[in-house]
Amino acid sequence: MLPKLMNVLGILLVAVAISMFEVPYMRKKGLKKELWLFYILLFLGVGISSAKALSGFIPTPLDWIAAVYRPFSDFLTHIGLIK
């Protein structure tokens with residue numbers, strides 16, 4: 001369990017380092033919308049990376065596509081058009 005937590009700590013340290021590099025420039029230039037987007041994307045990236053480091057299940061876009069089309073595929077199988 002400790003190596004997994006060290007991975008999450010490393011991810012957080014990299015996120016803090018990126019923030020320390022980017023945020024002062026954005027504040028100085030007055031880029032408020034870009035700063036909000038930066039924080040949202042950084043938060044999402046850290047969350048997904050931390051979940052992956054802790055061996056969590058991360059669904060891929062293909063999983064969502066398969067879930068949407070599965071009823072149609074089951075219907076085609078049921079009526080005998082596909083096997």
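Everything numeric in this text was worked out from a predicted model, so none of it was measured.

J.: Could you give me a rundown of the nonpolar core, with the residues and numbers involved?
T.: Residues Ala15, Val23, Met26, Leu35, Phe38, Leu42 and Val46 constitute the largest nonpolar core, which totals 7 residues. Breaking this core down by element, the ones donating at least two residues are helix H1 (2-29) and helix H2 (32-53). Of the residues forming this core, the biggest block, 4 residues, is contributed by H2.

J.: Run through the environment of lysine 52, naming residues and quoting values.
T.: Structurally, the position occupied by lysine 52 is in helix H2. Residue lysine 52 is classed as exposed on the basis of its relative accessible area of 58%. On a C-alpha basis, the gap between lysine 52 and lysine 32 in space is 30 Å, while along the polypeptide they are 20 residues apart.

J.: Break down the environment of isoleucine 11 for me, with residues and values.
T.: As for its position among the elements, isoleucine 11 is in helix H1. Here isoleucine 11 is in contact with Val46, Ser49, Ser50 and Ala53, once residues within four sequence places are set aside.

J.: Describe the confidence of the model for the protein, listing the residues and the values that go with them.
T.: Chain-level statistics for the protein give a pLDDT mean of 92 and a share of 99% at 70 or above. Across the protein, element-level confidence peaks in H2 with a mean pLDDT of 94 and bottoms out in helix H3 (residues 61-79) with 92.

J.: I'd like a description of the side chain of serine 50, backed by residues and values.
T.: Looking at the element boundaries, serine 50 is found in helix H2. Using a relative accessible area of 12% as the deciding quantity, one classes serine 50 as buried. Excluding anything up to four places from it in sequence, serine 50 contacts Val8 and Ile11.

J.: Any chance you could break down the environment of leucine 42 for me, citing the residues and the numbers?
T.: Relative to the assigned elements, leucine 42 resides in helix H2. Sequence spacing of leucine 42 and phenylalanine 57 is 15 residues, and the spatial spacing of their C-alpha atoms is 20 Å.

J.: Talk me through H2; I want residue IDs and the actual numbers.
T.: Count 3.6 residues to each turn of an α-helix, and residues three or four apart come out pointing the same way. In this model H2 runs 31 Å from its N-terminal to its C-terminal C-alpha over 22 residues, within 8% of the 32 Å that 1.5 Å per residue would give. Buried within H2 are the following residues: Leu35, Phe38, Leu42, Val46, Ser50 and Ala53. One face of H2 carries all of its buried residues, which in axial projection span an arc of 80 degrees. In H2, the exposed residues that point more than 90 degrees away from the buried face are Lys33, Trp36, Leu41 and Lys52. Following H2 by one or two positions, serine 55 adopts a phi angle in the positive range, close to 65 degrees.

Reading guide: rules and limits
Residues numbered from 1 in each chain as written. Predicted model: local features only at pLDDT ≥ 70, side-chain atom pairs only at ≥ 80, totals over all residues. Heavy atoms only, no water. Core = buried A, V, L, I, M, F, W, Y, C linked by side-chain atoms within 4.5 Å. Buried < 20%, exposed > 50% of the residue type's maximum accessible area, 1.4 Å probe, protein only. Helix = DSSP H or I, 4+ residues; strand = E, 2+ residues; numbered from the N terminus. Contact = heavy atoms within 4.5 Å. pLDDT = per-residue confidence, 0-100. Expected span 1.5 Å × (residues − 1). Arc of directions from axis to C-beta.

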